Every structure is written in C-alpha cells, then in structure tokens.
Amino acid sequence: MNWDETGSDTGERLDARLDERIVDAGADGEDTAVEAALRPKDLDEFVGQEKVREQLDLVLKAARARGATADHVLLSGAPGLGKTTLSMIIAAEMGAPIRITSGPAIQHAGDLAAILSSLQEGEVLFLDEIHRMSRPAEEMLYMAMEDFRVDVIVGKGPGATAIPLELPPFTLVGATTRAGLLPPPLRDRFGFTGHMEFYAPTELERVIRRSARLLDVAIDEEGAAEIAGRSRGTPRIANRLLRRVRDYAQVKADGRIDRPVASAALGVYEVDARGLDRLDRAVLGALLKLFGGGPVGLSTLAVAVGEERETVEEVAEPFLVREGLLARTPRGRVATPAAWAHLGLVPPQHGGNGQQGLFGA
C-alpha cells in the first residue's frame with residue numbers, strides 16, 4: 001500500500017473504517033478538542049515513556065544551560081502515544097513558540113521554504129508524519145537542519161538562480177509512525193531520537209485518573225484499571241474510553257465509575273476485556289470457526305469477514321499480532337492457542353491446521 005496516495009479510494013475506505021472504531025488510535029475532531037485540555041504541560045506531568053523523558057530532559061536542560069536552541073528531535077511510535085504532546089512540552093520547556101504542520105501538507109519545496117523563512121529564533125517546528133513529506137521538500141530540509149540555510153530557486157531552466165536564505169536557529173521536532181520510511185540522511189540530522197513504547201496498564205491507570213480529575217469524573221481504582229486493561233496500551237484510546245464510560249455512568253448509574261459500571265459500559269461499545277472490538281473478534285472468529293485456525297490467505301479471510309483486504313491487514317491485524325492472538329506466516333494467517341482460549345473455543349485435534357480439517361488431507 002502506498003502511504004502517499006492519501007486521496008485514493010483505498011485510503012478513503014480505510015479512513016472510514018478507522019473513524020467507526022472506538023479503539024482506533026487516530027485522533028478525530030472530538031479527540032483533538034479534548035486532548036488540548038488534557039495534555040500535560042511539562043515533563044514532570046507527562047506519564048510513562050520513562051527512558052525518553054529522562055533522555056529528553058537532559059537534552060533540554062543542557063540546551064538551556066548553554067543558552068542555545070535544543071537539538072532537532074525525532075519521535076517515532078504508534079499513533080496516540082504522546083508525540084504531539086511531547087513536542088509541545090519541548091517548546092514549553094525551552095520557553096519558545098511552536099508551529100505545527102504535517103508532512104502531507106508540504107507537497108512542494110516552496111511550501112517548506114515559506115514556513116522556514118517565517119520562523120523566529122529558537123522557535124519549535126513540529127512536523128507530524130514527517131515520512132510523508134515530498135522528496136524535494138525533504139532535500140531542502142537537509143540544509144535547513146544542518147546549516148540553517150535554504151536555497152530558493154528563482155526562475156526556470158538555464159536562467160534559474162539559487163538565492164541563499166539564512167534562517168534563524170530553530171528546533172525541528174519530527175514525528176513518524178513509520179520510522180523505516182525515513183531516508184538515512186534525514187534520520188542522521190536529528191540530534192535526539194526517541195521511540196515511544198506502548199503503555200503498561202499501570203501507567204494507563206495513572207493517565208485515566210489524571211484525566212478523570214480534569215474532566216471532573218468520579219472514578220475509583222478498580223474502574224480505572226478496568227478501562228486501562230481495554231485501552232490497547234494507548235493513552236488516546238484510554239481517554240476516549242473514559243469519556244464513553246462517563247456518558248454511560250451519567251445515564252445508567254449515579255455518575256460514579258467503578259469496575260461493574262466500566263465493564264457494562266464497554267460491553268455496550270463492544271470492547272472486550274483485552275481491548276478487542278467487533279472487527280477484531282470477527283476476524284478471529286472466522287479464522288477459528290471457518291478455517292480451523294488456519295493457515296488461510298488474507299484475501300480469503302477478508303471475504304469471510306465481509307471486509308476489504310486492506311481493512312483486515314491494516315486495521316485489525318496489527319493489534320491481534322501484537323497481542324499474540326494471530327500470526328502471519330508464509331502460508332497464511334494462523335491463530336495462536338491464546339486466540340482459541342480468548343474466544344472460549346477448543347482447538348481441533350489435528351493441531352490447528354484448518355486446511356487438513358477442511359479437505360481431509
């Protein structure tokens with residue numbers, strides 16, 4: 001799948017599927033508005049990512065001690081783990097303004113030149129999904145990051161002239177969900193690289209309790225633990241589930257969230273104890289019940305579920321693989337023993353090879 005073809009029919013169908021899922025780690029309009037109020041303002045408030053926080057704290061304190069701008073920072077990891085929040089914290093810790101844009105918005109070198117030329121000294125430029133930036137803009141960024149200079153081309157053909165444009169020192173914070181797509185020359189120009197890991201349930205409990213205080217929601221420790229266990233290791237999902245459970249508690253209970261209320265609320269939204277939703281369970285159910293646990297091809301599995309191939313591969317499978325419920329093999333998709341146990345089914349005696357059970361081979 002070409003991730004640059006964001007306007008394709010496939011991309012639009014995938015985006016539509018993501019918009020329907022309460023456990024999607026991407027941000028929608030409501031998430032963006034709520035996250036602005038819930039974001040921590042400094043590194044001390046930021047929960048989780050201990051190694052990245054410690055390393056970044058040293059980088060920022062050293063830069064402040066020298067009276068210099070901080071090194072360029074690259075943050076990689078899955079959506080919803082706090083890359084945008086950390087970029088804002090970097091700006092706050094350095095006492096600098098921040099400008100936010102994204103790779104897909106920069107399609108021409110001129111777009112990047114216009115942004116860079118208007119930066120103030122010490123300003124933080126946050127470039128989300130940096131791997132989706134156009135190649136000409138990418139090459140211009142090399143010189144801007146290293147020498148704080150860009151060459152603006154005036155004219156065309158043999159008469160074209162390069163006019164050097166000096167830039168004030170600035171800090172670029174790049175964020176990417178696919179670090180492997182960044183070219184080495186761009187990666188090497190970042191002074192600090194941090195990889196964001198998925199959160200442990202105990203860390204998510206802290207996130208949920210903090211968000212509940214800010215949202216003025218009454219929640220006990222067991223209620224927070226119940227939501228945290230279904231949040232897929234992602235703070236954005238945890239905060240979204242908290243808001244949905246809050247709604248349920250206000251309508252169906254006394255407004256206070258405990259374990260039974262959280263469990264009942266998330267049952268309404270079809271999020272089970274491991275964070276699987278309807279699509280995840282449909283994929284596992286088809287794999288186990290129709291194909292005996294596999295191996296089965298992706299296209300066949302998608303037809304059995306009634307979804308597009310890309311939806312199964314890009315939306316459902318990553319979490320199922322990470323949870324150890326499904327494996328991708330050269331012969332096809334295979335369910336693990338944990339998948340059988342999670343759905344309460346008994347594996348066939350032939351060892352889980354669905355093709356043997358179907359065809360008697």
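The written sequence of each chain sets the order in which its residues are numbered from 1. Local features are withheld for residues below a pLDDT of 70 in this predicted model, meaning they are given only at 70 or higher, and side-chain atom pairs are given and counted only at 80 or more; totals for whole chains, interfaces and linings count all residues. Heavy atoms from the whole structure form the basis of all side-chain values; hydrogens and water molecules are not counted.

### Topic: the confidence of the model for the chain
Item 1. Confidence scores here are pLDDT values: one per residue, from the predictor, ranging 0 to 100. On average, the chain scores 83 in pLDDT, and the residues at 70 or more come to 85%.
Item 2. Taken together, the stretch residues 1-19 has pLDDT below 50 and engages in 24 contacts with residues farther than four places along the chain or on a different chain. It only takes one pair of heavy atoms within 4.5 Å for two residues to be counted as in contact.

### Brief notes about helix 10 (residues 235-252)
Spacing of three or four residues puts side chains on the same side of an α-helix, whose turn is 3.6 residues.
Item 1. End to end, helix 10 covers 25 Å across 18 residues, agreeing with the expected 26 Å (1.5 Å per residue, within 8%).
Item 2. Burial runs high along helix 10: 13 of the 18 residues are buried. Secondary structure is summarised from DSSP: a helix means a run of H or I of at least four residues, a strand means a run of E of at least two, and numbering begins at the N terminus for each. To estimate the expected span of a helix, count its residues, drop one, and scale the result by 1.5 Å. In this scheme, a residue with accessible area under 20% of its type's maximum is buried, one over 50% is exposed, and one in between is partly exposed, where area comes from a 1.4 Å probe on protein chains only.

### Describing unusual backbone geometry
The phi torsion of most residues other than glycine is negative, and most of the peptide bonds are trans.
Item 1. Located in the positive-phi region is Gln 49, a residue other than glycine, with phi close to 55 degrees.
Item 2. For Glu 129, which is not a glycine, the phi torsion comes out positive at approximately 50 degrees.
Item 3. Among the secondary structure elements, Glu 129 is positioned in the loop between strand 3 (124-128) and helix 6 (135-147).

### Quick look at the nonpolar core
Item 1. The term nonpolar core refers to a set of buried residues drawn from Ala, Val, Leu, Ile, Met, Phe, Trp, Tyr and Cys, joined through side-chain atoms within 4.5 Å. Among the nonpolar cores identified, the biggest contains 46 residues, and Leu 86, Ile 208, Ile 219, Ile 227 and Ile 257 are the most heavily contacted of them.
Item 2. With six residues, the single largest contributor to this core is helix 10.
Item 3. Once residues lying within four places of it in the same chain are set aside, the contact partners of Ile 219 are Ile 208, Ala 212, Ala 224, Ile 227, Leu 242, Arg 256 and Ile 257.
Item 4. Formed by 24 residues, the second largest nonpolar core is a distinct cluster that contains Ile 115, Leu 127, Leu 141 and Ala 144.

### Quick word on the packing of helix 9 (residues 221-229) against helix 11 (residues 259-268)
Packed helix pairs are specified by the crossing angle of their axes together with the interaxial distance, meaning the distance between the axes.
Item 1. Axes here refer to lines fitted to C-alpha atoms; in helices the fit is confined to the stretch in contact. Angles between the N-to-C directions go from 0 to 180 degrees. Axis separation between helix 9 and helix 11 bottoms out at 7 Å; the angle between their running directions is 25 degrees. What the angle tells us is that helix 9 and helix 11 run roughly parallel. Where helix 9 approaches helix 11, its residues Glu 222, Gly 223, Ala 225, Glu 226 and Ile 227 are matched on the opposing element by Arg 259, Ala 262, Ser 263 and Leu 266.
Item 2. Taken together, the residues that form the contact of helix 9 with helix 11 break down as four nonpolar, two polar and three charged. Should an angle fall under 35 degrees it is called roughly parallel, over 145 degrees roughly antiparallel, and 65 to 115 degrees roughly perpendicular, with every other angle called oblique. Residues are grouped as follows: Ala, Val, Leu, Ile, Met, Phe, Trp, Tyr, Cys and Pro are nonpolar; Asp, Glu, Lys and Arg are charged; all remaining types, including Gly, are polar.

### Observations regarding the packing of helix 8 (residues 201-214) against helix 9
Item 1. For the pair helix 8 and helix 9, the least separation of the axes is 8 Å and the interaxial angle reads 120 degrees. It follows that helix 8 is oblique to helix 9 by the angle criterion. For the pair helix 8 and helix 9, the crossing hand works out as right-handed. Between helix 8 and helix 9, the residues in contact are Pro 201, Leu 204, Glu 205, Ile 208 and Arg 209 and Glu 221, Ala 224, Ala 225, Ile 227 and Ala 228, respectively.
Item 2. Split into classes, the residues belonging to the contact of helix 8 with helix 9 amount to seven nonpolar, no polar and three charged. Take the far helix as the reference: if the near one is turned anticlockwise from it by less than a right angle, the crossing is left-handed, and if turned clockwise, right-handed.

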